[in-house]
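# Architecture and fold: a report
Next come the chains, spelled out residue by residue.
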Amino acid sequence: RSTNTVIVFDSGLTFSLGSTANNGVPAISSMVTFFSDTPFALDYVDLDGTTQLKANSINMATLTAQLICDTEVFDTEVVAANLDPETLDVDLGNEHGLQFE
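These remarks concern the structure in this document.

About the thresholds
Residues numbered from 1 in each chain as written. Predicted model: local features only at pLDDT ≥ 70, side-chain atom pairs only at ≥ 80, totals over all residues. Heavy atoms only, no water. Helix = DSSP H or I, 4+ residues; strand = E, 2+ residues; numbered from the N terminus. Buried < 20%, exposed > 50% of the residue type's maximum accessible area, 1.4 Å probe, protein only. Contact = heavy atoms within 4.5 Å. Areas by Shrake-Rupley, 256 points an atom, 1.4 Å probe, with all protein chains shown as cover. Pairing = 2+ DSSP bridges. Axes fitted to C-alpha atoms, helices over the stretch in contact; angles between N-to-C directions. Polar contact = N/O pair within 3.5 Å; in protein donor to acceptor, adjacent residues only side chain to side chain. Salt bridge = Lys/Arg side-chain N within 4 Å of Asp/Glu carboxyl O.

### Looking at the overall build of the protein chain
Regarding its fold elements, the protein chain presents 0 helices and 7 strands. For the protein chain, the N- to C-terminal ordering of α and β elements is β-β-β-β-β-β-β. Sorting the 101 residues of the protein chain into buried and exposed places 25% on the buried side. The long-range share in the protein chain, meaning contacts at least 24 apart out of those at least 6 apart in sequence, stands at 34%. Accessible area for the protein chain stands at about 7,100 Å²; split by element, carbon and sulfur atoms hold 53% of it.

Dropping the structure here:
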């Protein structure tokens, strides 16, 4: 599942990462910072909020987007870092969600 970063202001004004309608709007990376509590398994690979699944994790991973100008404003997404098996690999546990519950 890919991530999509959208900023919605109280006025209803919406900025969506990758939208051509954002001409002249500051880059998302100048307004929002992103971080993961499990960077070895799931981490941000650029300043615009693109994530990469790197490894399996036995715990849920929390991804956070936080305003640079007001760190009290943030949102989180909790996801399971569970890679598909490689060819000829063995995949134990659940196919989706955490491997073992």
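### Focus: the sheet that holds strand β7 (residues 74-80)
Sheet strands line up and pair through hydrogen bonds in the backbone, either parallel or antiparallel. Within the open sheet, the 3 strands sit side by side as β3-β6-β7. Their pairing is antiparallel. Only two strands of the sheet have a single partner each, and these edge strands are β3 (32-36) and β7. For this sheet the average axis-to-axis angle between neighbouring strands, irrespective of direction, equals 15°. Of the pairings in the sheet, the one linking strand β6 (residues 60-67) to β7 comprises 7 bridges and is antiparallel in character. Of the residues in β7, the one forming a bridge with Met-60 is Ala-80.

### Structural notes on the side chain of Asp-43
With respect to the helices, strands and loops of the structure, Asp-43 is situated in strand β4 (residues 42-44). Since its relative accessible area comes to 19%, Asp-43 is described here as buried. Ignoring anything within four residues of it in the chain, the contact list for Asp-43 reads Ser-36, Thr-50, Thr-51, Gln-52 and Lys-54.

### Regarding the side chain of Ser-57
Structurally, the position occupied by Ser-57 is in the loop between β5 (51-53) and β6. A polar contact is formed between the side chain of Ser-57 and the backbone oxygen of Asn-59, at a distance of 3.1 Å.

### Structural notes on the pattern of salt bridges
If you walk through the whole model with that rule in mind, you get 1 salt bridge. A salt bridge links Lys-54 to Asp-43, with the nearest nitrogen and oxygen atoms 3.9 Å apart. One end of the pair, Lys-54, is in the loop between β5 and β6; the other, Asp-43, is in strand β4, and 11 residues separate them in sequence. What makes Lys-54 partly exposed here is its relative accessible area of 41%.

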